[in-house]
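# Reading the structure
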Amino acid sequence: MGLHGRTDQGTACPWATVYWRFTSCQRSGVWIFIPRSLQTLARAEHCMTWQVSVDSTTARAHLAVSGAGLREVRGEPGDHALGRLRGGWSTKLHLAADNAGYPLAALLIAGQAHDSPQMIPLLEAIAVPRLGGGRARRRPVRVLADRAHSARINRTWLREHQVKATIPEPVDQIGHRKRRGASGGRPPAFDADRYNDRSSTERTIARIEQHRAVATRYDKLAVR
């Protein structure tokens, strides 16, 4: 079957058939298998740097997206990763990519949701298989993120998992720490030059946003 719902012979293919085939691939794990296979090859060729940057982007949702049924679908969030912003329905893509621009993990959340609570689930979703079998790699060497991810729970999780962090402190957190005096502790280390590497994730997001299905959400279910 070719693009735009047509077969190779040029005859029109019913939209229901196209969607059924797409859904079948999703249910059988094809859409997960493809990026996992590419990640495995990239790891085998030592293309990954394991310095991971985290960022997010918000996509407007088409009007037809609302009204999804409540029947159980494996992996589907209860809110279908949809939320209302001033401009209407929206979905937020939370992405983790390495310094070379390889996407390692992604989460869909409601458009109005804050980024900080999603950082730990996003990092825990990283699992790059080893070619020929063996344990998948799950932990980066360093994580770069913006001020929205500078929560104590995130920094504690990174420290407990021996992952270095390059995350700037928001102004309010700096003020709270200084007002507490000696009990506020030392400021977290921050390398401004290394922080510039976070642009790799921004470039990755800009690249995948060229695809119509990422720039605007058309599916009712997040798993699609």
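All figures in this text were calculated on a predicted structure; none of them were measured in a lab.

A few words on the pattern of salt bridges. This model, assessed by the stated rule, comprises 3 salt bridges. As a salt-bridge pair, D55 and R198 come within 3.2 Å of each other at their nearest N and O atoms. With D55 in strand β1 (residues 51–61) and R198 in the loop between α6 (192–195) and α7 (199–208), this pair connects stretches of sequence that are 143 residues apart. Neither residue differs from the other here; D55 and R198 are each classed as buried. Between R198 and E202 there is a salt bridge, with its nearest N and O atoms 3.1 Å apart.

For soluble globular proteins, the rule of thumb is that nonpolar side chains tend to be buried together. With 20 residues, the main nonpolar core has V54, L104, L123, I126, V143 and L158 as its most contacted residues. Every element with two or more residues in this core is listed here: β1, β4 (103–110), α3 (119–124) and α4 (152–160). Counting residues per element, this core draws most heavily on α3, which supplies 4 residues.

This brings us to the environment of R194. Within the element layout of this structure, R194 appears in helix α6. Sequence separation between R194 and Q162 is 32 residues, and the spatial gap between their C-alpha atoms is 18 Å. With near-sequence residues (within four places) excluded, R194 lies in contact with Q51, R142, L144 and T166. A polar contact is formed between the side chain of R194 and the side chain of Q51, at a distance of 3.0 Å.

Parameters at a glance
- Residues numbered from 1 in each chain as written.
- Predicted model: local features only at pLDDT ≥ 70, side-chain atom pairs only at ≥ 80, totals over all residues.
- Heavy atoms only, no water.
- Salt bridge = Lys/Arg side-chain N within 4 Å of Asp/Glu carboxyl O.
- Helix = DSSP H or I, 4+ residues; strand = E, 2+ residues; numbered from the N terminus.
- Buried < 20%, exposed > 50% of the residue type's maximum accessible area, 1.4 Å probe, protein only.
- Core = buried A, V, L, I, M, F, W, Y, C linked by side-chain atoms within 4.5 Å.
- Contact = heavy atoms within 4.5 Å.
- Polar contact = N/O pair within 3.5 Å; in protein donor to acceptor, adjacent residues only side chain to side chain.

So yeah, pure geometry; function would need other evidence.
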